[in-house]
Amino acid sequence: MSDGTELLEPPAPARDDETSAVGGASPRAALAPSDSFPRRHLGSNAEEVAAMLEVVGTPSLDVLVDEEIPRAIRMDAPLSLSPLAGLPADRLPGERELVARLAAMAEENQRFRSYLGMGYYGTVTPPVIQRNVLESPGWYTQYTPYQAEISQGRLEALLNYQTMVADLTGLPVANASLLDEATAAAEAMSMCLAVAKKDKADGAFFVADHCHPQTLAVVETRAGALGVEVRVGDPATADLADCFGLLVQYPTSDGRLLDLEPILARAREADVRSVVATDLLALTLLRPPGEMGADVAVGSAQRFGVPLGYGGPHAAFFATREEYERKMPGRIIGVSRDAQGDTALRMALQTREQHIRREKATSNICTAQVLLAIMAGFYAVYHGPDGLRRIARRVHHLTAALAEGLRRLGFRLADEPFFDTLRVDLAGTSAAELLTAAEARRINLRALDEEVVGLSLDEATTVEEVETLLDLFAAFAPSAGVTEVNASLGFDDLARAAAVAFPAPHARSSDFLTHPVFHSFRTEHEMLRYMKRLESRDLSLCHSMIPLGSCTMKLNATSEMLGLSWPGWMDLHPFAPPEQASGYRELFDSLGAWLNEITGFAGISFMPNAGSQGEFTGLMVIRAYHRDRGEAHRNVCLIPVSAHGTNPASAVMAGMKVVTVKCDERGDIDVADLTAKAEEHADRLAALMVTYPSTHGVFEGAIRDICDVIHRCGGLVYLDGANLNAQVGLCRPGDYGADVCHLNLHKTFCIPHGGGGPGMGPICVAEHLLPYLPTHPVVAVGGEKGIGPVAAAPWGSASILTISWVYVALMGAEGLTEASKMAILNANYMACRLAGHYDVLYTGEGGRVAHEFILDLRPFKASAGVEAEDVAKRLMDFGFHAPTMSWPVPGTLMVEPTESESKGELDRLCEALIAIRREIQEIADGRMDREDNPLKNAPHTAAVVTADEWTHPYTRRQAAYPAPWVRERKLWPAVGRIDNVYGDRNLFCACPPIEAYGEGAFD
Ligand SMILES: Cc1ncc(COP(=O)(O)O)c(C=O)c1O
């Protein structure tokens, strides 16, 4: 007789194999949901893993890991992740089950109607943009457009964004987004300092007292690190003589429109650079800062169709005058031409992050907010100037009607004109009392003073909501005879009586968005096709792997992305009272606990919006620690030469002096040099910044000793966590000696790169650094001796944390550990397959690489005249995105396959690289021309291959279909090889004139 157990299946394995270590065979585990996730995330099944191990020449994954990761730093116990409320602790959840839990958590967030303003506003995301950009892997899975020929769609969308920002602000050049409004203002301060004349270099930065509090606080954090004094006051009367820069807000944080022209003129007379923090929607009706004399305009493009998301992600903008364009922070998209002389777009003035000037840096911006900039740009394309004006007029009219009603109720409003924000003097009622009454109606208002409140209307506001607001205020009306008042509070009457025209000098008279792209796609069909047309020009993870070393282009699973479409996560204002955000609280608590366990640390701050910001934050925390111990003089930061450019840039921003440490011929940190420098600077040593495994893709055996040397000399260790993907479940920075590390959640923890952002760079810290975690002026977060805020929102781009939460919960501790092992196996497999064809630079003591490796192409320059760039462009003909080019070693390619790629995909990339190697050999042997060959002419466009004329000494087929499998998956590069030098010499950063696009482009 059967006891039924024969019906039980083995537990869902991590990969599609039955030999996986995941789970025991308890009935509960065996009957776990069939939609388990690890086998979807990990690229290869048991058979494929066995085949790869054979090529690598090692018996098992565990032996491979033992060969690569030094025993001394391995974890002594398996990762242990705290279970989630509402989910079983003893088995892995299925995708459906976990998504349901995520939905239940979203419901725990209470969606009050927030009129809090302060840079965050309700908006209507056009569904055609939501479905086809925000929710489309064709837009969100790319990295930064390093390989411009296969990124033309994204580059055009970003050029639209830059043109929109430049037009609306009235300043000629804009970049392709920064992280948020507050950090954009801080970047502007740094730029003003960088361009200041010598006699101003020790001057102060003046911030108007009417700016958003979080903007002021972030500027103060950044200024404090540089020793710059921030002076706060009324810019109309202040003495600016010893200031190098001025920041004002237009409209002010409490909604007033000040006449900026005389203020900016005073600044100019005093040789002070002026920065205006402003609002793009308001600028459709108001005179732009550029016309009023501003040098820089910054702000957030959030209200152009990007949901609130409890703080982000949103794109910030930065525009300036031409004379400062080469000092501008962040990435700039520029127009150039391709090998055929046609218009082509690319990132200007930079290859990989060359805009980050290492120790000469004024900015460390790397990952920005590309996806959100693209959305905001498309919002402007869809609505066009007339549509945007209509939206702005409606918001203003609703606000004016509300103002009229409030005045009739007897409230006193600010004297100045306004756009969408009112400052209401309650004349006798306490703000707290009104706010309590508002909360009872699920409304959030802003308390400005004891008896003053502020409120901002937005695109999503309805007439009925204005009526509700009037009703709410009426209960506290100072005017006698409420009935009498009510009679004159009919909305139509108020709307008719409201003054909606802007008086001089505020009204805008100049045109904007005159380019045809902003006039051609009004219907949803046309918009859909335009966006799809651009999408089809880009290579994304929808097409093939993107093996960018140091970037960790792994699967961004659909279940991980679903939450971003739900109002429960997206509709919360970041400054809403925290008790309304219980779902977010649970998200922060559980994800925070998991990340602390994964890194071996005691606490976390989710505030930094990118790895670069995590670096700055971590160093500021270290600085605060030293200061608190009476060691404020500790300001030397040791950084290995192999470090990513953001490391020295962040150290400079944190007020530290960078001392570089050599690497040896194996790529490892030269421990003797490190020790000598640490000892030499022992009395002033603040920190070491180290990337582990190294940027050369190796687990250096000496990491513990390195950390010990630094501690012995009084410094702390900052670990750049960009390479955490090789460590999760295997070793922990907190265990081997680091004091703080940042995590690029947009690498290891599955937040998609969005084509160059968003990202999240939270920092995890050891116990002794907990008191210094960053604070926020509006929402209570951080340590009791915390540094000031490093971002506008208390939990950074909070909404995208749902992605990492889903990833960790679906993988579980064993799945995550398996992922690290697979990442290491995939890299070693590729390195072994390519070894006879290319030299692999740097291996660990066991002869293995970590999760990425470097191919040396330098010898081909002499033998065949071939450079890394030629190989990168030729890979496009095979349908691949090149690995990271010329970093960290010039003339090389750094390959990071990640755990999510299948053996089949790895094999295809190997075959492409081997085929290219054969072509290089033919050139070297003189069988192929040194100038006219498939590498030098790559990439080959459809136009070139199908032209009537073909003069090259190789076939069209070799050009376009160089491997059999390319036929099935051909992605034609949209343009030929781009001329970078031409573009940089003739810098042009807005939509090119219509003729450049060719006939019929915008019909
Ligand atoms: C090693 C390393 N450190 C830091 C960063 C900067 O991170 P983010 O782009 O998130 O600012 C990167 C980005 O590529 C990196 O590779």
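Check the entry above for the structure.
As the structure is a computational prediction, the values presented were derived from the model and not from experiment. Sequence positions are assigned chain by chain, starting from 1 and proceeding in written order. Where totals are concerned, whole chains, interfaces and linings use all residues; where local detail is concerned, this predicted model gives features only for residues with pLDDT of at least 70, and gives and counts side-chain atom pairs only at 80 or more. Excluding hydrogens and water, the side-chain figures rest on all heavy atoms present in the structure.

Moving on to the overall build of the protein chain. Working definition: helices are DSSP H or I runs of at least four residues, strands are E runs of at least two. Numbering for both runs from the N terminus. On a plain count of helices and strands, the protein chain comes out with 34 helices and 26 strands. The size measure is the radius of gyration over C-alpha atoms, and the globule rule it meets is 2.2 Å times the number of residues to the 0.38 power. Against the globule reference of 30 Å for 1003 residues, the protein chain gives a C-alpha radius of gyration of 29 Å, in line with a compact fold. By the convention used here, residues are in contact when the closest approach between their heavy atoms is within 4.5 Å. In the protein chain, the proportion of contacts linking residues at least 24 apart, taken out of those at least 6 apart, comes to 77%. Here the accessible surface of atoms and residues is derived via Shrake-Rupley with a 1.4 Å probe, and residues count as covered only by protein chains that are part of the display. With an accessible surface of roughly 33500 Å², the protein chain has 49% of that area assigned to carbon and sulfur atoms. Within the protein chain, the 130 negative side-chain charges are centred at a point lying 3 Å from the centre of the 89 positive side-chain charges. Positive: Lys, Arg. Negative: Asp, Glu. His and the chain ends are not part of the count. Lys charges are placed at NZ, Arg charges at CZ, Asp charges at CG and Glu charges at CD.

Let us now look at the environment of Lys-747. Along the polypeptide, Lys-747 turns up in the loop between strand S21 (740-742) and strand S22 (763-765). Distance in space between the C-alpha atoms of Lys-747 and Pro-888 is 18 Å, their sequence separation being 141 residues. Beyond its immediate sequence surroundings of up to four residues, Lys-747 is in contact with Tyr-143, Ser-550, Cys-551, Thr-552, Lys-554, Ala-722 and His-753.

This brings us to the packing of aromatic side chains. Two rings from Phe, Tyr or Trp (for Trp, the six-membered ring) form a pair when their centres sit within 6.5 Å of each other. Planes less than 30 degrees apart are called stacked, planes more than 60 degrees apart edge-to-face, and all others tilted. One pass over the structure, following the stated rule, counts 25 aromatic pairs. Plain terms: the ring middles of Phe-378 and Tyr-530 are 6.1 Å apart, the flat faces sit at 80 degrees to each other, and that makes the pair edge-to-face. Here Phe-378, found in helix H14 (residues 370-408), pairs with Tyr-530, found in helix H19 (residues 524-535); they are 152 residues apart in sequence, far enough to count as distant. Each of the two residues, Phe-378 as well as Tyr-530, counts as buried. A ring is scored as having a charge over it whenever the NZ atom of a lysine or the CZ atom of an arginine sits within 6 Å of its centre and within 35 degrees of its normal. Sitting above the plane of the Phe-616 ring, Arg-222 keeps its charged end 5.6 Å from the centroid. Over the ring of Tyr-121 we find Arg-303; its NZ or CZ atom is 3.9 Å from the centre of that ring. Burial status follows relative accessibility: with a 1.4 Å probe on protein chains alone, a residue under 20% of its type maximum counts as buried, one over 50% as exposed, and anything between as partly exposed.

Let us now look at the packing of helix H5 (residues 95-107) against helix H28 (residues 801-834). Running from amino to carboxyl end, H5 crosses H28 at an angle of 140 degrees, the nearest separation of the two axes being 11 Å. In this view, H5 runs oblique relative to H28, as classed from their interaxial angle. Along this stretch, H5 crosses H28, giving a crossing that reads as right-handed. The residues of H28 that touch H5, namely those facing Glu-95, Leu-98, Arg-101, Leu-102 and Met-105, are Thr-802, Trp-805, Val-806, Ala-809 and Leu-810. Think of it as three bins: nonpolar holds Ala, Val, Leu, Ile, Met, Phe, Trp, Tyr, Cys and Pro, charged holds Asp, Glu, Lys and Arg, and polar takes everything else, Gly as well. Each residue belonging to the contact of H5 with H28 can be placed in one class, and the counts come to seven nonpolar, one polar and two charged. Only the contacting stretch of a helix is used when fitting its axis, a line to C-alpha atoms as for every element, and angles between N-to-C directions run 0 to 180 degrees. Any angle that is under 35 degrees is reported as roughly parallel, and any over 145 degrees as roughly antiparallel; angles of 65 to 115 degrees are reported as roughly perpendicular and all others as oblique. Helix crossings are classified by the rotation of the near helix relative to the far one: an anticlockwise turn of less than a right angle makes the crossing left-handed, while a clockwise turn makes it right-handed.

A few words now on the sheet that holds strand S26 (residues 892-895). DSSP-based pairing: two strands are paired if at least 2 bridges between them are found. Pairing in this open sheet of four strands is antiparallel, and the strands run S23-S24-S26-S25 from one edge to the other. Each edge of the open sheet is held by one strand with a lone partner, namely strand S23 (839-841) and strand S25 (884-885). The sheet contact formed by S23 and strand S24 (residues 853-856) spans three bridges and is antiparallel. Paired with Val-840 across the two strands is Leu-855, which belongs to S24.

Every one of the 16 residues lining the ligand counts as a neighbour, but Thr-367, Ser-550, Gly-611, Asp-720 and His-746 are closest to it. N or O atoms closer than or at 3.5 Å make up a polar contact, with two conditions inside protein: a donor-capable atom paired with an acceptor-capable one, and, for residues adjacent in sequence, both atoms drawn from side chains. In this structure, an oxygen atom belonging to the ligand sits 2.5 Å away from a side-chain N or O atom of Ser-550. For the ligand, whose unbound accessible area comes to 390 Å², protein coverage reaches 100%. Among the residues forming the shell around the ligand, the class breakdown is four nonpolar, eight polar and four charged. Summary of the distance rule: residues count as near a molecule or strand when at least one heavy atom falls within 4 Å of that molecule or strand.

Moving on, we come to the pairing of strand S19 (residues 685-691). Summarising burial for S19: seven of the seven residues are buried, a large majority. In this sheet, S19 lies alongside strand S17 (residues 636-640) in parallel orientation, the contact comprising three bridges. Within S19, the position partnered with Val-636 by the bridge is Leu-685. Strand direction decides the pairing type here: S19 and strand S20 (residues 716-720), joined by five bridges, are parallel. Bridge pairing in S20 links Met-689 to Tyr-718.

Our focus in this paragraph is the pattern of salt bridges. We define a salt bridge as a side-chain nitrogen of Lys or Arg found within 4 Å of a carboxyl oxygen belonging to Asp or Glu. Counted according to the given criterion, the structure contains 55 salt bridges. Taking the shortest distance from any N to any O, the salt bridge between Asp-668 and Arg-666 comes out at 3.7 Å. Of the charged contacts, one joins Asp-870 and Arg-977 as a salt bridge, the two residues approaching to 3.1 Å between their closest N and O atoms. Taken as a pair, Asp-870 in helix H30 (residues 868-877) and Arg-977 in the loop between helix H33 (956-960) and helix H34 (980-985) lie far apart in primary sequence, 107 residues in all. For the residue pair Asp-870 and Arg-977, the accessibility class agrees, reading buried in each case. The network of salt bridges with common partners includes Lys-197, Asp-271, Arg-273, Asp-295 and Arg-321.

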